[in-house]
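If you want the building blocks of each chain, they are given just below.
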Amino acid sequence: MGQLASALVTMILGVMGCAAYFYGSNFLLDKIFPTKSGAAAEVARNLRVANNIRPWLFLGPAVLLLTFYLFYPVIDSIRLSFYGRSGEDFVGLANYKWLFSSDEFYESFRNNMLWLIVVPTAATFFGLIIATMTDRIWWGNIAKSLIFMPMAISFVGASVIWKFIYDFRTGGEDQIGLLNALVVFFGGEPQTWLTIPIWNNFFLMVILIWIQTGFAMVILSAALRGIPDETIEAAVLDGANGFQIFYKIMVPQIWGTIAVVWTTITILVLKVFDIVLAMTNAQWGTQVLANQMFSWMFNGGGDFGRGAVIALVIMVLVIPIMVWNIRRANAEMEGR
Amino acid sequence: MITSSKRTPLTYLVHATVLFLVIIWTIPTAGLFISSIRDKNQLSTSGWWTALATSEQRLVARAHEPKKQVQEGNRFVIRGNLFEGSAGEITKFGSSSLRPDEFEVGTVAELNKGETLQVMENGDYAFSSPVEWKGSRGDRIFYTAEIPPRFTLENYREVLSAEGLGKSFINSLTVTIPATIIPILVAAFAAYALAWMRFPGRALLVAAVVGLLVVPLQMSLIPLLKSYNMIGEFFGVGSKTYVGIWLAHTGFGLPLAIYLLRNYIVGLPREIIESARVDGASDFDIFRKIVLPLSFPALASFAIFQFLWVWNDLLIAMVFLGNDADHMVLTGQLRELLGSRGGNWEILTASAFITIIIPLCVFFGLQRYLVRGLLAGSVK
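Scoring rules and cut-offs
Residues numbered from 1 in each chain as written. Chains lettered and ligands numbered in written order. Predicted model: local features only at pLDDT ≥ 70, side-chain atom pairs only at ≥ 80, totals over all residues. UniProt positions renumbered as here; feature names shortened; annotations may be inferred. Helix = DSSP H or I, 4+ residues; strand = E, 2+ residues; numbered from the N terminus. Rg over C-alpha atoms; globule rule 2.2 N^0.38 Å. Buried ≥ 20, exposed ≤ 12 C-beta atoms within 10 Å, placed from the backbone. Contact = placed C-beta atoms within 7 Å. Domains from an automatic or database assignment. Pairing = 2+ DSSP bridges. Axes fitted to C-alpha atoms, helices over the stretch in contact; angles between N-to-C directions. Parallel < 35°, antiparallel > 145°, perpendicular 65-115°, else oblique. Left-handed = near helix turned anticlockwise from the far one by under 90°. Nonpolar A, V, L, I, M, F, W, Y, C, P; charged D, E, K, R; others polar. Bend = angle between axes of the 7 residues up to and from the residue. Core = buried A, V, L, I, M, F, W, Y, C linked by C-beta atoms within 7 Å. pLDDT = per-residue confidence, 0-100.

Regarding chain B, the relevant UniProt record gives this comment under Sequence similarities (unreviewed entry): "Belongs to the binding-protein-dependent transport system permease family." Reading the Subcellular location (unreviewed entry) entry of the UniProt record for chain B gives the comment "Cell membrane".

A UniProt comment under Subcellular location (unreviewed entry) is attached to chain A, and it reads "Cell membrane". Quoted straight from UniProt, the Sequence similarities (unreviewed entry) entry for chain A says "Belongs to the binding-protein-dependent transport system permease family."

Quick look at the structure:
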């Protein structure tokens, strides 16, 4: 109970402190530059000054937080990649040399590429199929809701769920893992799925596909509904069959949305770390960049230089998507 | 749409395929939940899909200690029941671990030195000996029994108390609630400024926010860890505090929050805001009295996102809150259990269900807002 009470107090203080800043700073601004009374010239001047300052009061915390938590660290990571373990002695390109001669890096890079190819493709594909089909049946919304559900589950929770499915029992014991039970049922030999080289990566990817398909489905389903009926009616009149309508009329019209879904999942895949950590702890050839970075950050006291260099690789992979996003957003702003 | 009201074979195929996919997508979670309420002996010996079937189990129990013996005629007898209240049906029994199913139920088994053991179907047993029983512990009885399905909340009771999940639950709440509210406040003000106030550098800031949307967390971790250690040393308070993790989640959540909210707020009708300005309302009043209430749907969408993201986060909690038992959040605790109690599925399944129950409630309760937020964040 004591913990609950202190947690409540900390929570309230934290939230109140934040609210107090906005109220307090605006109150002060109005006090220092009063605009409600006084000489007309004075009021006009105050109003102008206050209007110049107020945006920065509103933006202040956000800009500070973004700078401290995202902007400055990106710059500092680049700097640290040229420094040694503790981040104090300059080592030039040593970290980069180490990276490109390290087998573990090639392993995690290869795995990351596999993840990048398989997960966004599979999730978008299943999402599109499910979105198309659920739009046609009366219980489609229930079906969508259930397929969307894994989105709410943490990667660690999902890892437990799937580790249970991949569970392996030795000897003649009954298999309590669903996958091995199925294999045995169809007359096969049970396997320790998570230790089979290369393939174990795919067993981990299944988890993320399971989680992300719902996301793809929701977005694509909305896009499909946005397709003008006339285009489809015209195709039907011209005698197109279901598959032709799907591939030649519907898919091309939502191409932009498919790209958005694809890139969103791609970014997520690059950052995936919890699943590998929880499922295999990067054993049996399942290492990925994000997890490798995490382990260099902490293991054996931590090596900040090497950790930073791996983080940089992830960043470089993200940059094309970032540029594309900014250009898209700019084009949209001009259109407004 | 191309919906056809006719019941064509294709329609049936669609129904069947969707049903199949829904089953595949829900079975993993269903299996977890069913397993978490099963008796732990049954859970470890049979698949969860047999939860409703009677299972045959090989078990072992200890008879009562010799001081409970009674003299019947010229023999000394120890009586008891193997099930001690729960249900079951014994088929075979034995007195040594080498031959646990030596005797059929009901038979009087002749052991050495004239001792006998009889076990009945309902679990009643009787050890009998011509001389007085000695020692402080009862003998072991091995038996094979048909145990009916047994469901229990025992697993939950155990993980909540003994495994420290109750505490982690509160820790998770302590992290999540402020880490959801603070970014909303900060982002809403910023989004309003970016949408409706004129100042130099606005376009650049918007572009920066869009750019920061995709910056991988990994880039921030090491520099921030260093900064946190420095700040902690300066104030003499350890680097791992709740305030630290709230601000970290706020910082990482802000780009999406500002982006979502700005997109929404910029779409509010210009006339409302202009006329309020003409009436002499300051930007602060306009924001508080007009924009904030009107933006409720967008605020709710982001709140759900942020809540799910913070509650489900493992990385930031591990880095900025640490792994000591006092501060462990649910995801961290669950990972720890996955390492230390890898084979104890009764513990893992119950723990996992506790960690996912809150997000699932939020998800099913507020799905509408979640979907709206997703659409605003991606399609635009």
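Chemist: Lay out the overall build of chain A in plain terms, naming residues and giving numbers.
Modeler: When helices and strands are counted, chain A shows 14 helices and zero strands. Shown N-terminal to C-terminal, the secondary structure of chain A runs as helices and strands in the order α-α-α-α-α-α-α-α-α-α-α-α-α-α. Computed over C-alpha atoms, the radius of gyration of chain A comes to 27 Å, more than 25% over the 20 Å expected from 2.2 N^0.38 for 336 residues, which places it beyond the range of a compact globule. Seen through its C-alpha atoms, chain A measures out along the principal axes to roughly 90 × 70 × 50 Å. Across the 336 residues of chain A, 40% fall into the buried class. Pairs at least 24 residues apart make up 68% of the contacts formed inside chain A by residues separated by at least 6 positions.

Chemist: Break down the overall build of chain B for me, with residues and values.
Modeler: Along its length, chain B carries 14 helices and nine strands. Relative to the globule expectation of 21 Å for 380 residues, the C-alpha radius of gyration of chain B, 32 Å, shows a markedly less compact shape. In chain B, buried positions account for 43% of the 380 residues. Considering only residue pairs separated by 6 or more positions, chain B has 72% of its internal contacts joining residues 24 or more positions apart.

Chemist: How would you sum up the domain arrangement of chain B? Please name residues and give values.
Modeler: All names here are of chain B. For chain B, the assigned domains read domain 1 (9-51), domain 2 (55-148) and domain 3 (157-378). The distance between the C-alpha centroids of domain 1 and domain 3 comes to 33 Å. Each partner contributes to the interface: domain 1 provides seven residues, whereas domain 3 provides six residues. Listed by contribution, the elements that provide at least two residues to the side of domain 1 that touches domain 3 are α1 (9-36) and α2 (40-45).

Chemist: Can you tell me about the UniProt feature "transmembrane region" (unreviewed entry) in chain A, naming the residues and giving the values?
Modeler: Residues and elements named next belong to chain A. When the UniProt feature table is mapped onto this chain, "transmembrane region" (unreviewed entry) is found at residues 56-75, 114-134, 146-166, 202-224, 254-284 and 304-326. The distance separating the terminal C-alpha atoms of residues 114-134 is 29 Å; by composition the span is 100% helix and 0% strand. As annotated, residues 202-224 has a helix share of 100% and a strand share of 0%, and its two end C-alpha atoms lie 30 Å apart.

Chemist: Account for the environment of Asp326 of chain B, with residues named and values stated.
Modeler: Residue and element names in this part refer to chain B. One can find Asp326 in the loop between α11 (315-320) and α12 (330-340). Classification of Asp326 as exposed rests on a count of 11 C-beta atoms within 10 Å. Separated by 226 residues in the primary sequence, Asp326 and Pro100 place their C-alpha atoms 46 Å from one another.

Chemist: Give a detailed account of the sheet that holds strand β1 (residues 55-62) of chain B, specifying residues and quantitative values.
Modeler: Hydrogen bonds between backbone atoms are what pair the strands of a sheet, whose relative direction is either parallel or antiparallel. Residue and element names in this part refer to chain B. What the four strands build is an open sheet, ordered β1-β9-β4-β5; its pairing is antiparallel. Every other strand in the sheet has two partners, leaving β1 and β5 (103-104) as the edge strands with one partner each. As judged from the two bridges shared by strand β4 (residues 89-94) and β5, these two strands associate in the antiparallel manner. Opposite Lys92, over in β5, you have Glu104 as the bridge partner.

Chemist: If you had to explain the packing of helix α4 (residues 165-196) of chain B against helix α7 (residues 242-265) of chain B to someone new, which residues and values would you point to?
Modeler: Relative placement of two packed helices is described by the angle separating their axes and the distance separating the axes. Residues and elements named next belong to chain B. Two elements in contact, α4 and α7, have axes whose closest approach is 6 Å; the angle formed by their N-to-C orientations is 40°. On the basis of the axis angle, α4 is oblique to α7. The chirality of how α4 crosses α7 is right-handed. In terms of residue class, the contact of α4 with α7 is built from 22 nonpolar, four polar and one charged.

Chemist: An account of α7 of chain B is requested, with residue identities and associated values reported.
Modeler: Considering bend angle alone, the principal kink of α7 of chain B is centred on Gly253 of chain B and spans about 45°; proline Pro255 of chain B follows within four residues of it. Taking burial as the measure, the 24 residues of α7 of chain B include 22 buried ones, the bulk of the element.

Chemist: Lay out the sheet that holds strand β2 (residues 70-72) of chain B in plain terms, naming residues and giving numbers.
Modeler: Residues and elements named next belong to chain B. Read from one edge of the open sheet, five strands run β2-β3-β8-β7-β6, paired in antiparallel fashion. Each end of this open sheet is capped by a strand with a single partner; those strands are β2 and β6 (108-110). Within this sheet the neighbouring strands show an average axis-to-axis angle of 30°, counted without direction. With three bridges connecting them, β6 and strand β7 (residues 116-119) associate as antiparallel partners. For Val108, the partnering residue across the bridge sits in β7 and is Gln118.

Chemist: Kindly report on the interface of chain A and chain B, identifying the contributing residues and their values.
Modeler: Taken together, the contact pairs 96 residues of chain A with 92 residues of chain B. With 17 residues, the single largest contributor to the side of chain A that touches chain B is helix α2 (residues 40-80) of chain A. Looking at the side of chain A that touches chain B, its residues break down into 71 nonpolar, 17 polar and eight charged.

Chemist: Provide a residue-level description of the nonpolar core, including the pertinent values.
Modeler: Residues and elements named next belong to chain B. By size, the foremost hydrophobic cluster in this structure holds 179 residues, and its most contacted members are Ala187, Ala190, Tyr192, Ile258 and Leu261. With 19 residues, the top contributor of residues to this core is α4. Other than its neighbours up to four places away in sequence, Leu261 contacts Ala187, Ala188, Ala191, Ser295, Ala298 and Phe302. Among the nonpolar cores identified, the runner-up in size contains 15 residues, and Ile90, Leu117, Trp133 and Ala145 belong to it.

Chemist: Can you break down the UniProt feature "transmembrane region" (unreviewed entry) in chain B residue by residue, with the values?
Modeler: Residues and elements named next belong to chain B. Per the UniProt record, the feature "transmembrane region" (unreviewed entry) sits at residues 12-34, 175-196, 203-222, 242-261, 290-311 and 347-366. Split by type, residues 12-34 is 100% helix and 0% strand. Its first and last C-alpha atoms lie 30 Å apart. Along residues 290-311 one finds 95% helix and 0% strand; the C-alpha atoms at either end are 31 Å apart.

Chemist: Now, about the confidence of the model for chain A: what can you tell me, with residues and values included?
Modeler: The share of residues in chain A with pLDDT of 70 or more is 97%, and the mean pLDDT across the chain is 84. The spread of mean pLDDT over the elements of chain A runs between helix α1 (residues 2-32) of chain A, the lowest at 80, and helix α4 (residues 103-134) of chain A, the highest at 90.

Chemist: Hey, could you go over unusual backbone geometry for me, with residue numbers and the actual values?
Modeler: All names here are of chain A. Of note in the backbone geometry, Ile198 takes a positive phi value of approximately 65° without being a glycine. By the element assignment, Ile198 lies in the loop between α7 (178-185) and α8 (199-225). In this structure, Trp284 is a non-glycine residue whose phi angle is positive, near 55°. Here Trp284 falls in the partly exposed class, since 16 other C-beta atoms lie within 10 Å of it.

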